[in-house]
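Coordinate inspection notes
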Amino acid sequence: MKKKKLLSVLLAGAMSASIFVGCGSSATDWDYISNKGELVIGVTYFEPMNYLDADGKLTGFETEFAEAVCEKMGVTPKFQKIDWDSKEVELNSKTIDCIWNGLTIDDDRKSTMDISTPYMENKQVMVAKSDVADKIKSADDLKDKTVVAEKKSAGETVAQTDEFFSSAKYVSVDAQAKALLEVKSGTADVAVIDYVMSIGTLKSGSDYADLKVVDGKDFSPEQYGIALRKDSPETLKKLNDAIQAVADDGTLDKIAEKYSLQDLLLVKKK
């Protein structure tokens, strides 16, 4: 009899523990974020999106955009530099809570991550030294030239799949900024990068003033979104609502104008 009672107690305890664990596992992604009070934002550094200013402070369009959105969401933004090639691993392991760094929306990414409403349009462009850029008129002009792009980026997809690059030699690098450095140093002839990056970096007085966008040759129209962990509907709704709120109060327009990106915005005041 005592053994039966003991067994009953143990079974009851096990069931209680099981119920407790089950309840704990029902916590949502938003519960996790709101309980710690911060949104860890995965970024890489490139102008005009996220970059270090002369004082070493992180700034840029997406830095300020994220700060404004996080204020509406009631959480503190914490920016974490990531390896773009490992962005989904870091997201799913909760090293970061979102990827907010010129992320191109496509079907593959939508199948593995929740992605916000599109907030900006973009395209891929070729960047070369001025004397080279002026001579690129057709695919034949890339013969024997080295083309670089960031690994696992929209630029890499273009460089590897578009017929225009079929006669070129392709080399991947670990960041868009590195692609520009390769062209500037002469170790590559052409970089395929985001158009928005060209706006921020190829300006008079910059380190890349001797580079230019190849005229009349752009590829892969696309839209940017913010990526969250898959199946995070509450976080996604709060994020989208905050994006719209930042647009409605005029903050988003002001930030975009500061970085000459206002013509690319997709989110408008209601």
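Residues numbered from 1 in each chain as written. Predicted model: local features only at pLDDT ≥ 70, side-chain atom pairs only at ≥ 80, totals over all residues. Heavy atoms only, no water.

Examining the overall build of the protein chain
Broken down by element type, the protein chain carries 11 helices and 11 strands. Here the C-alpha radius of gyration of the protein chain, 23 Å, is well above what a compact globule of 270 residues would show, namely 18 Å. Within the protein chain, the fraction of its 270 residues that count as buried is 45%. Taking as baseline every contact in the protein chain between residues at least 6 positions apart, the subset at least 24 positions apart corresponds to 73%. With 36 positive and 46 negative side-chain charges, the protein chain shows a separation of 7 Å between the mean positions of the two kinds. (Helix = DSSP H or I, 4+ residues; strand = E, 2+ residues; numbered from the N terminus. Rg over C-alpha atoms; globule rule 2.2 N^0.38 Å. Buried < 20%, exposed > 50% of the residue type's maximum accessible area, 1.4 Å probe, protein only. Contact = heavy atoms within 4.5 Å. Lys, Arg positive; Asp, Glu negative; His and termini not counted. Charge placed at Lys NZ, Arg CZ, Asp CG, Glu CD.)

Focus: the UniProt feature "domain: Solute-binding protein family 3/N-terminal" (unreviewed entry) in the protein chain
The positions that UniProt labels "domain: Solute-binding protein family 3/N-terminal" (unreviewed entry) are, in the present scheme, residues 38-263. Here residues 38-263 is 35% helix and 31% strand, with 31 Å between the C-alpha atoms at its ends. (UniProt positions renumbered as here; feature names shortened; annotations may be inferred.)

Details of the pairing of strand β8 (residues 146-150)
Across the five residues that make up β8, a large majority, five, are buried. Of the two faces of β8, the one lined by T146, V148 and E150 and the one lined by V147 and A149 are each fully buried. Sheet analysis places β8 next to strand β9 (residues 169-173), joined by five bridges and oriented parallel. Along β9, the bridge assignment pairs V147 with Y170. As a crossover connection, the stretch from β8 through helix α7 (residues 154-161) into β9 is right-handed. (Pairing = 2+ DSSP bridges. Right-handed = clockwise from strand over helix to strand, strands pointing away.)

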